[in-house]
Amino acid sequence: MSEILIMGNMPDKDLSILKAEFTVHRAIEISNFEKFLVEQGDKISAVATTGFVGLHNNIIEKLENLKIISSNGVGYDSIDATFCADRGIIVTHTPDVLNAEVANTTIMLFLNSFREFSFNEAYLKSGRWKLEGMAPYSRSPDNRIVGMLGMGRIGQEIASRLSMFNPKILYHSRSPKDVPYTYYKDLKTMARDCEVLICITPGGIKTNKLVNEEILTALGPTGTLINIARGSVVDQTALIKTLEDGRLGYAALDVFESEPNVPDELIHMSNVTLLPHVGSATFETRAAMGELTLNNLIEFKRNGKVLTPVPECLNLEKNIT
Ligand code: NAP
């Protein structure tokens, strides 16, 4: 039977499914991981991991017979997919099954930022309503100009779900897409022209700090930044600075530079909404992601095929099918 290494946590139900197909090794149960890699690394042909945990190149190098890494999550910036493809290791991820949930979370960040529900709930629960009277007004989410940084699977779902608020939608990506929204080749020009900037690109080197001080300043004192992509896409230091000195108006964030660490400055700002990276975190969507993660592994073991390879490994898949 093939041997699999599981990085991070996995629900018991998924674990039993894998145990029926593979001899399972769980990294969290291995007391001396380095020793395991040296003594048993060559037996491992598959790895199951997550977008949060990833798999470092140092470990991959020690798994001499590794053929597949199945990652739970659509973002795979924690795995060097080019490094894997060069070694003939196929990397899979879980696109599409989470589009709706991440789009819902983005809409909630958008609404909370405009209607200030967190503030209003605290106002009621702390007794201020009784003491001070009606809560202050908030801003309407309707008829806004929304700039999307990224117009892929999730970006398009966000744009579609935003339509009930009658926005004008602009977008920036490296190439134009077949969508009914206004394309901007230049991110700074789009930031200047929109009221809300929603980040929904992959993380990694190519998008690192794409939203920098210049972009945040262009978004402006009444502008709102929503980041549901990866913490690395936004320069967090510049974000804090521009919020503090009023060059940027509001932020709503699901992701951070060094999770789970969130700077105190952000925590204490009243014009900022913060979530602990829960974009796709519902029972239903996580179950669907888990199922796709397993199906990639099982398909590969049984038929030498995978369902959802990352783009870097597409050619590799052609060779194995
Ligand atoms: P996707 O379909 O691949 O779309 C990515 C979009 O980003 C495309 O429009 C792409 O267009 C654009 N893009 C890529 N590199 C860019 C660059 N350097 N500059 C400008 N635009 C760029 O991916 P998806 O399925 O929508 O997922 C997007 C990301 O969302 C994931 O990779 C993940 O990091 C994040 N995510 C977060 C959560 C959460 O819990 N917060 C959950 C799921 C996903 P071009 O290639 O033309 O540039």
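Going by the structure above, here's the rest.
The notes below deal with the structure included here.

Parameters and conventions
Residues numbered from 1 in each chain as written. Predicted model: local features only at pLDDT ≥ 70, side-chain atom pairs only at ≥ 80, totals over all residues. Heavy atoms only, no water. 1 Å grid on protein atoms, 1.4 Å probe; cavity = no way out; pocket = protein on both sides within 12 Å on 5 of 7 lines; lining within 4 Å. Points joined across faces, edges and corners; volume = space filled by probe spheres on them. Helix = DSSP H or I, 4+ residues; strand = E, 2+ residues; numbered from the N terminus. Nonpolar A, V, L, I, M, F, W, Y, C, P; charged D, E, K, R; others polar. Expected span 1.5 Å × (residues − 1). Buried < 20%, exposed > 50% of the residue type's maximum accessible area, 1.4 Å probe, protein only. Salt bridge = Lys/Arg side-chain N within 4 Å of Asp/Glu carboxyl O.

## Considering the layout of surface pockets
In this structure, the second largest pocket spans a volume of roughly 250 Å³. Every residue lining the second largest pocket is counted, 14 residues in all, and those nearest its centre are N112, S118, S270, V272 and T273. Every element with two or more residues in the lining of the second largest pocket is listed here: α5 (99-115), α6 (117-125), β11 (250-253) and β12 (272-274). Classifying every residue of the lining of the second largest pocket gives seven nonpolar, six polar and one charged.

## Examining α5
If you check α5, its first and last C-alpha atoms are 24 Å apart, about what 17 residues at 1.5 Å a residue would give, namely 24 Å. Among the 17 residues of α5, 12 are classified as buried, and the element is accordingly described as predominantly covered. Within α5, burial applies to N99, E101, V102, A103, T105, T106, I107, L109, F110, N112, S113 and F114. Phi turns positive, to about 55°, at E116, one or two residues after α5.

## Points about the pattern of salt bridges
Counted according to the given criterion, the structure contains 16 salt bridges. A salt bridge links E257 to K209, with the shortest nitrogen-to-oxygen separation between them at 3.8 Å. Linking E257 in the loop between β11 and α12 (264-267) with K209 in the loop between β9 (196-199) and α10 (213-219), this pair joins segments that are 48 residues apart in sequence. According to the relative accessible area criterion, E257 is partly exposed, its value standing at 40%. One salt-bridge network, held together by shared partners, links E213, K241, D245 and R247.

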